[in-house]
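Understanding the architecture of this molecule
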Amino acid sequence: MKLSTQELLAGLKAQDKRILGKAITLIESKKPEHRAQAEELLKEILPLSGKSVRIGITGVPGAGKSTFIENFGKLAIANGKKVAVLAIDPSSSLNKGSILGDKTRMEELAKDENAFIRPSPSSGFLGGVANTTFETMLICEAAGYDYILIETVGVGQSEVLVADISDVFLFLKIIGGGDELQGIKRGIMEMVDVVFINKVDDENLSKAKQTKLELQRALQFLPPKEKNWKIPVLLGSALNKIGLEEVYDKISEFISLKKSTKRFDEVRKIQAKKRFDYWVKEYILSASKSSEELENQYDLHKKNASEMASNPSSEAKLFVEKFLNKKL
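Attention in this report is confined to the structure presented alongside it. Fair warning: this is a prediction, and the values are worked out from it, not measured in the lab. (Residues numbered from 1 in each chain as written. Predicted model: local features only at pLDDT ≥ 70, side-chain atom pairs only at ≥ 80, totals over all residues. Heavy atoms only, no water.)

Once that is clear, we can look at the overall build of the protein. Broken down by element type, the protein carries 14 helices and 7 strands. When burial is assessed residue by residue, the protein has 47% of its 328 residues classed as buried. Contacts spanning at least 24 positions in sequence make up 76% of the contacts within the protein whose residues lie at least 6 apart. Here the protein displays about 16800 Å² of accessible surface, and carbon together with sulfur accounts for 54% of that area. (Helix = DSSP H or I, 4+ residues; strand = E, 2+ residues; numbered from the N terminus. Buried < 20%, exposed > 50% of the residue type's maximum accessible area, 1.4 Å probe, protein only. Contact = heavy atoms within 4.5 Å. Areas by Shrake-Rupley, 256 points an atom, 1.4 Å probe, with all protein chains shown as cover.)

Structure (structure tokens):
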């Protein structure tokens, strides 16, 4: 049964998880009639949103993200917070497995009445990678969730997207063979606010401490993301619940610092501007295919570009000029 915008709004205010799920499904829908209602709902919930702490979490496969999120989420709940988890998977349009795997691995957290777990698919309205995660996050905030944990699989593009909608960006590292800094991209390190070296035990403690020193040295050569904030490199084990309280405290300290310097609201405004730019491009792309004739011309110029009959940028310029000048 289709719910009205007011019914969805009432359900979100009542913190009804079933209604929350339906609202997110509406936000992710590609259907034009759903998009119209989604925009209406987003307008209605805006005064209820923006009060959470948005935490982006990345790390290579095997870094223990799911275990970390589950036990960190339980710790946050023990501290009186409500936690929503949004799992982003750029491969989800082809294979839903890894998202569903995350959800089953967080079984204990999923059962908690103060937690909500939702996969955030890479496919959505007009395509794109995790293109409704920002809006899904707003819906979760309207439903009263204090901490929004946004998980990325860590493949480059998804990390940038998550960093652009987070208040705190957490990087999970594990001990490996050879040079511990090998394979860590400079771009990722420039985005992080907190580093947690996971899966540390008595056997690899010495190596973990060495890795910590190496990371701290490397971070010294990067421009500071936030003034007066020295990126902490923490050691622990998410599985054994060691070091998580320190992570929790550092995140709280970081948020307090950003708010005291007015950077918290400033960064969120910058992020909202980026979302505006993103959607302008998406809507223009959609409008460029709004008629059969337009779509045929779009496909023709795209074909010329793909076959290098002309420079791709030149073909794009020709099509955009036709589109804007309404020559079609």
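The discussion continues.
Of all 5 residues in strand S4 (residues 147-151), 5 are buried, a share of seventy percent or more. Both faces of S4 are covered, namely the face carrying Tyr147, Leu149 and Glu151 and the face carrying Ile148 and Ile150. Pairing between strand S1 (residues 53-59) and S4: 5 bridges, direction parallel. Across the sheet, the residue bridging to Ile57 is Glu151, located in S4. (Pairing = 2+ DSSP bridges.)

Quick look at the packing of aromatic side chains now. Per the stated rule, a full pass over the model turns up 10 aromatic pairs. Pairing Phe68 with Phe196 gives two aromatic rings, centres 5.5 Å apart and planes at 45°, and the pair type is tilted. Here Phe68 is found in helix H4 (residues 65-78), whereas its partner Phe196 is found in strand S6 (residues 194-198), with 128 residues between them in sequence. Residue class for Phe68 comes out buried when judged on its relative accessible area of 0%. (Phe/Tyr/Trp six-rings, centres within 6.5 Å; stacked < 30°, edge-to-face > 60°.)

Once that is clear, we can look at unusual backbone geometry. In this structure, Lys199 takes a positive phi of about 65° despite not being glycine. Structurally, Lys199 can be placed in the loop between S6 and helix H10 (205-220). Of note, Asn228 is a non-glycine position whose phi angle comes to about 70°, a positive value. Residue placement: Asn228 occurs in the loop between H10 and strand S7 (233-235).

Right, let's get into the pairing of S1. Side chains on a regular strand alternate between the two faces of the sheet. In terms of burial, S1 is a largely internal element, 7 of the 7 residues being buried. Burial along S1 is two-sided: Val53, Ile55, Ile57 and Gly59 facing one way and Arg54, Gly56 and Thr58 facing the other are all buried. In terms of strand pairing, S1 meets strand S5 (residues 168-174) through 5 bridges, oriented parallel. Residue pairing for S5: Gly59 is matched across the bridge by Leu172.

Packing of helix H13 (residues 292-306) against helix H14 (residues 312-325) leaves a shortest axis separation of 8 Å and a crossing angle of 165°. Compared by their axis directions, H13 and H14 come out roughly antiparallel. Two packed elements cross with a definite hand, and for H13 against H14 that hand is right-handed. Of the residues in H14, those touching H13 at Leu294, Gln297, Tyr298, His301, Asn304 and Ala305 are Pro312, Glu315, Leu318, Phe319, Lys322 and Phe323. (Axes fitted to C-alpha atoms, helices over the stretch in contact; angles between N-to-C directions. Parallel < 35°, antiparallel > 145°, perpendicular 65-115°, else oblique. Left-handed = near helix turned anticlockwise from the far one by under 90°.)

Let us now look at a nonpolar patch on the surface. A surface patch of nonpolar side chains, about 280 Å² in accessible area, is lined by Phe276, Val280 and Ile284. Mapped onto the secondary structure, Phe276 falls in helix H12 (residues 263-287). Residue classification places Phe276 among the exposed positions, given a relative accessible area of 56%. (Patch = residues over 30% accessible without salt bridge, like charges linked within 9 Å, V, L, I, M, F, W, Y side chains within 5 Å. Salt bridge = Lys/Arg side-chain N within 4 Å of Asp/Glu carboxyl O.)

Moving on, we get to the packing of H4 against helix H11 (residues 244-260). Between H4 and H11, whose axes approach to 10 Å, the crossing angle comes to 65°. Judged by the inter-axis angle, H4 sits roughly perpendicular to H11. The interaxial crossing formed by H4 with H11 has right-handed handedness. Across the interface between the two elements, Phe68, Asn71, Phe72, Leu75 and Ala76 from H4 touch Leu244, Glu245, Val247, Tyr248 and Ile251 from H11.

Once that is clear, we can look at a negative patch on the surface. A contiguous patch of negative charge, built from Glu292, Glu293, Glu295 and Asp299, is present on the exposed surface. A residue is classified by how much of its surface remains accessible, and Glu295, at 36% relative accessible area, is partly exposed. (Lys, Arg positive; Asp, Glu negative; His and termini not counted. Charge placed at Lys NZ, Arg CZ, Asp CG, Glu CD.)

Right, let's get into the nonpolar core. Leu20, Ile45, Phe68, Phe72, Ile139 and Cys140 are the most contacted members of the largest nonpolar core, which totals 80 residues. The element that contributes the greatest number of residues to this core is H11, accounting for 7 residues. (Core = buried A, V, L, I, M, F, W, Y, C linked by side-chain atoms within 4.5 Å.)

Here we take up the environment of Ile284. Residue position: Ile284 is located in helix H12. Through-space distance from the C-alpha of Ile284 to that of Val320 is 9.9 Å; in sequence the pair is 36 residues apart.

What follows deals with helix H7 (residues 133-142). Note: α-helices contain 3.6 residues per turn, so residues at a spacing of three or four share the same orientation. For H7, the buried fraction is high: 10 of the 10 residues fall into the buried class. Restricting attention to buried positions, one finds in H7 the residues Thr133, Phe134, Glu135, Thr136, Met137, Leu138, Ile139, Cys140, Glu141 and Ala142. A positive backbone phi angle near 95° is found at Gly144, which sits one or two residues after H7.

Without other data, these values stay purely geometric and don't point to any function.
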